[in-house]
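Spelled out from the first residue to the last, the chains are:
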2 protein chains.
Amino acid sequence: MSKQHTKHEITAGDEITTGPLPASQKVYTVPQDDAGLRVPFREILTSDLQEPSVRVYDASGPYTDSKQITDLNKGLPRHRISWLKERSIEQYTGRDLLPEDNGQAQGAYLADAFPIKHTPYRRTGEQPFTQYEMARAGLISKEMIYVAERENLGRQKVLHTAKQSLDQGECYGATLPNFVTPEFIRSEIAKGRAIIPANINHPELEPMIIGRNFLVKINANIGNSAVSSSIEEEIEKMVWATRWGADTVMDLSTGKNIHHTREWIIRNSPVPIGTVPMYQALEKVNGVAENLTWDVFKDTLIEQCEQGVDYFTIHAGVRLAYIHLTVDRVTGIVSRGGSIMAKWCLHHHQESFIYENFEEICDIMRQYDVSFSLGDGFRPGSIADANDRAQFAELETLGELTQVAWAKGCQVIVEGPGHVPMHKIKENMDKQLEVCKEAPFYTLGPLTTDIAPGYDHITSGIGAAMIGWYGTSMLCYVTPKEHLGLPNRDDVKTGVITYKIAAHAADLAKGHPASQIRDNALSKARFDFRWEDQFNLSLDPDTARSFHDETLPKEAHKVA
Amino acid sequence: MSKQHTKHEITAGDEITTGPLPASQKVYTVPQDDAGLRVPFREILTSDLQEPSVRVYDASGPYTDSKQITDLNKGLPRHRISWLKERSIEQYTGRDLLPEDNGQAQGAYLADAFPIKHTPYRRTGEQPFTQYEMARAGLISKEMIYVAERENLGRQKVLHTAKQSLDQGECYGATLPNFVTPEFIRSEIAKGRAIIPANINHPELEPMIIGRNFLVKINANIGNSAVSSSIEEEIEKMVWATRWGADTVMDLSTGKNIHHTREWIIRNSPVPIGTVPMYQALEKVNGVAENLTWDVFKDTLIEQCEQGVDYFTIHAGVRLAYIHLTVDRVTGIVSRGGSIMAKWCLHHHQESFIYENFEEICDIMRQYDVSFSLGDGFRPGSIADANDRAQFAELETLGELTQVAWAKGCQVIVEGPGHVPMHKIKENMDKQLEVCKEAPFYTLGPLTTDIAPGYDHITSGIGAAMIGWYGTSMLCYVTPKEHLGLPNRDDVKTGVITYKIAAHAADLAKGHPASQIRDNALSKARFDFRWEDQFNLSLDPDTARSFHDETLPKEAHKVA
């Protein structure tokens, strides 16, 4: 945080948005298979006693629970510590904090550290430890029980129509179940078709699952930069993004204070946090890509594993031999991680140290159950470059590395493009499923045209809905500021809502048994002129209500 | 206009937005086949002399031509009067203006009439007269030559890659040509696969074509209502909508002053104007649907034909026998025209007078070459009701009526839904092509989920892009205020830009030979850090520029 505040000034309710959404209350259910777990949902109440309330998936954590008090200085409750007993772990003295972890920030430029220093955990021994290893060994973890309960939503109520819904949907070879059991979760993770990103050092997390037989998830990117924003603002962006439905958050901070910013975010985050470790590694060598080394990178991975980052974007597919494939592109290499590695490879004329040390990276990440998000450093930055040889060459390498990571016991998702016209989207999905053996796909958009900067949440929302339908498991949001600047709070919300639309449209099209409950309830409210119910059942009740008021301000109109 | 203004206060540049878009100039080209025609385009200039300017389709008329002065009191130049010589027409004393045409508005409540009273034209004799009849007779009209030139854009420059582009695209059975000739236009119109909506009494019009082998078009709805907005505001909405790319505008005004409002709009509109005549007919019977008669409806059609409306939404498929199919729906009948007719049919227990008198309607419309837009009164208003028996029963009737209208020599497009989940969109397109024998499809959205009021430009933009790709010829925009209130100027712009994105994404996916020129130019500018060019080449330079400035305000950053 900036120096003009003391750490005691950071308290929830001040800079942070808390409290339930309109007409909503947090409810918790207890899974049949583990009476010790409490799984959160949001219950939207209706004004008509004849109409049932609607239970929706809720990624927002304790911040929207009116019965819980959050204190940013303490972080969220570390419930999941007790779950770790089922695994063979040890606590150990972690790596020391180094000046370069915060970009050598000093004095007034150094942000306050998070007030509590937790001692990190790591695996010990070779018993099944990661979710993938446990699943392969036939073990059902608490996290698996938790996410099974979480995924079902109102599916219990609609069991009698589940088959019909699935039959009417089109899910392109996915195998959505009528009902999600912990055993189904286990089998999907064992097949590599789903992951539960949950670092053992992020016990504040409410576990969630990413896989194409589950609800389509969305990620929101946040992150401070050299030019703007304080730690408080970043925490608020995380809370704000999850309030509107972000299932995971990536902290893409650059510049100084990266370590401290991340610590504050993780300690207060109910959702998995992803990072691109390369960004911090680059700061450690003062932004000079050529000066990167395997040691600096490895040190950064361990630092972030110990902090509790749940998944790492690792650009291991940017191989020396592929770089020349990008020279005739309209937009070259646009991925930041990709261009850093390409610069390093070309300067040293050497194979990527990430690719070369991939097995050791696996060995580090499996100590904490950090999941891979294999980055697409050659993702196309324009319609002209979509589905080209550079992109697909890299994808094939990501497929090869997926299997290496699995063999090491790690969980894996794979990142995808980018800018892709509609008719080339499905080829991406099909090829990814094939070469990555059904490891979950995690795509940025894709943007379906290049001509609308300022509206790229929409150009990409179109592509996201489609690729989500075709089988992508998680959609990385794009905000209206894409290509133009850093998103502010409003942009984050617009991005999240747009991507909730895309993800939900995909769930509907796949025939997800419970996904239409909310549409039906809202449409019925609309047809009955129950305006307040229509607003409250919507993804953004505040905007719906304000738009209605703008032209028909009187309450009398609302019941007309 | 409201009474506090005199008509002399209505002058362009005051309430009306004029002038070119940033870095743009209006250019006119002369078609090879008719040296008397001047076809407008917008030329976007680049800052780099090495980079060519980019020519884009331009629906905005003289308002964006810095060399032309527009005067709303005079209306736009009536260039197309001289074109009428090629057809057998007569001028005649039109229908008298009646008090009910303006909803019995009197005194201070009666808006000023448009200052000039033009004598209407109509066909005389049975020589080929409508674009459809001329095309069938092998005649190439000036309108056909004009739109051929207009559709080509920069296609001349990319002829060498046209085939490759089309081969790579996927256009689901459409047959886009490498290059558009007047003869190709004629043959498409003769097959009923395209229309040029151009009432002979709207000579201010710059002709355009709607068909799936051409650029996907978009429509913007405007219209005053009893509660708000003046005539000036409605003219400005029309000018504003076309400035951002609306290819046609529907005037959906209700309440008083409908006749005068429409007259001002048509006289000043460079794009085709559509209406739903039923809305005015209902005003003439004081809003009581049961009191509608064929005579009132017919009188309204003639009134609007004489004014110059280019296409009519006619809900002729809402047949008595189908109404019961809607009783089990979640959202019943949501189309306003549909519900008016259903109410009438049920009250009188009689077949729709529109369906019964359909041939006479054709006889009226063919006198002026007004095009049919066969309305879908049973369009689904929710995901739950998509593709149901009511919807498809009506579509089959629309298919039957398409052929009746063609036999009468009329041009026809067919309206489509509505709310449709992604996996049910293609069925709509395929069925429409089949039962309506490839008559152009004109869809509202479709909205791919019901849960995001306030963001229905996005829920529907997803569906619009997809159905445009599958073959829809024109997309009717949806604004953020859909379901909630009347769109203001900002909403109109947001709706138009969103639909330009959808239409353009569809053109790209179909492999339109010239559509990628703009994407490539913008992407190249982006990669070269030519910020100003990136903004100017975008659909909304103002927004792109302002978003960039928000976080990186210095000019220095723009060239970095």
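Residues numbered from 1 in each chain as written. Chains lettered and ligands numbered in written order. Predicted model: local features only at pLDDT ≥ 70, side-chain atom pairs only at ≥ 80, totals over all residues. Heavy atoms only, no water.

Caption draft 1: Here's a closer look at the sheet that holds strand β10 (residues 273–275) of chain A. Residues and elements named next belong to chain A. The strand order β8-β9-β10-β11-β12-β13-β14-β15 describes a closed barrel built from eight strands, whose pairing is parallel. The average undirected angle you get between the axes of adjacent strands in this sheet is 25 degrees. Where strand β8 (residues 217–222) meets strand β15 (residues 474–476), three bridges bridge the pair, whose relative direction is parallel. Bridge assignment links Lys217 to a residue of β15, and that residue is Met474. Along the sheet, helix α11 (residues 358–365) makes contact with β11 (311–314) and β12 (371–374), crossing β12 at roughly 140 degrees. (Pairing = 2+ DSSP bridges. Helix = DSSP H or I, 4+ residues; strand = E, 2+ residues; numbered from the N terminus. Axes fitted to C-alpha atoms, helices over the stretch in contact; angles between N-to-C directions. Contact = heavy atoms within 4.5 Å.)

Caption draft 2: Examining the pattern of salt bridges more closely. Within this structure, the stated rule accounts for 90 salt bridges over all chains. Because the salt bridges share partners, they merge into one network encompassing Asp48(A), Glu51(A), Lys524(A), Asp528(A), Arg530(A) and Asp533(A). (Salt bridge = Lys/Arg side-chain N within 4 Å of Asp/Glu carboxyl O.)

Caption draft 3: Up close: the relation of the copies chain B and chain A. The two copies are related by a screw motion: chain B maps onto chain A through a turn of 180 degrees and a shift of 0.0 Å along the axis, at an RMSD of 0.0 Å. Within this description, the copies of the chain are treated as partners about a two-fold rotation axis. Relative to the rotation axis, the closest C-alpha in chain B is found at Ile462(B), a distance of 2.3 Å. A shared interface surface links the copies, since 100% of the contact residues of chain B are contact residues in chain A too. (Least-squares fit on C-alpha atoms with pLDDT ≥ 70 in both.)

Caption draft 4: Here's a closer look at the nonpolar core. Counting 313 residues, the largest nonpolar core has Ile185(A), Phe297(A), Phe372(A), Ile185(B), Phe297(B) and Phe372(B) as its most contacted members. Beyond its immediate sequence surroundings of up to four residues, Ile185(B) is in contact with Met144(B), Val147(B), Ala148(B), Val180(B), Ile196(B), Ile209(B) and Phe214(B). (Core = buried A, V, L, I, M, F, W, Y, C linked by side-chain atoms within 4.5 Å. Buried < 20%, exposed > 50% of the residue type's maximum accessible area, 1.4 Å probe, protein only.)

Caption draft 5: Quick peek at the state of the cysteines. All names here are of chain B. The full count for this structure, using the stated rule, is zero disulfides over all chains. Counting only cysteine sulfurs, Cys410 is the nearest neighbor of Cys362, a cysteine outside any disulfide, at a range of 4.6 Å. No disulfide involves Cys436; its sulfur sits 14 Å from the nearest other cysteine sulfur, which is in Cys362. Its relative accessible area of 0% is what places Cys436 among the buried residues. (Disulfide = S-S within 2.5 Å.)

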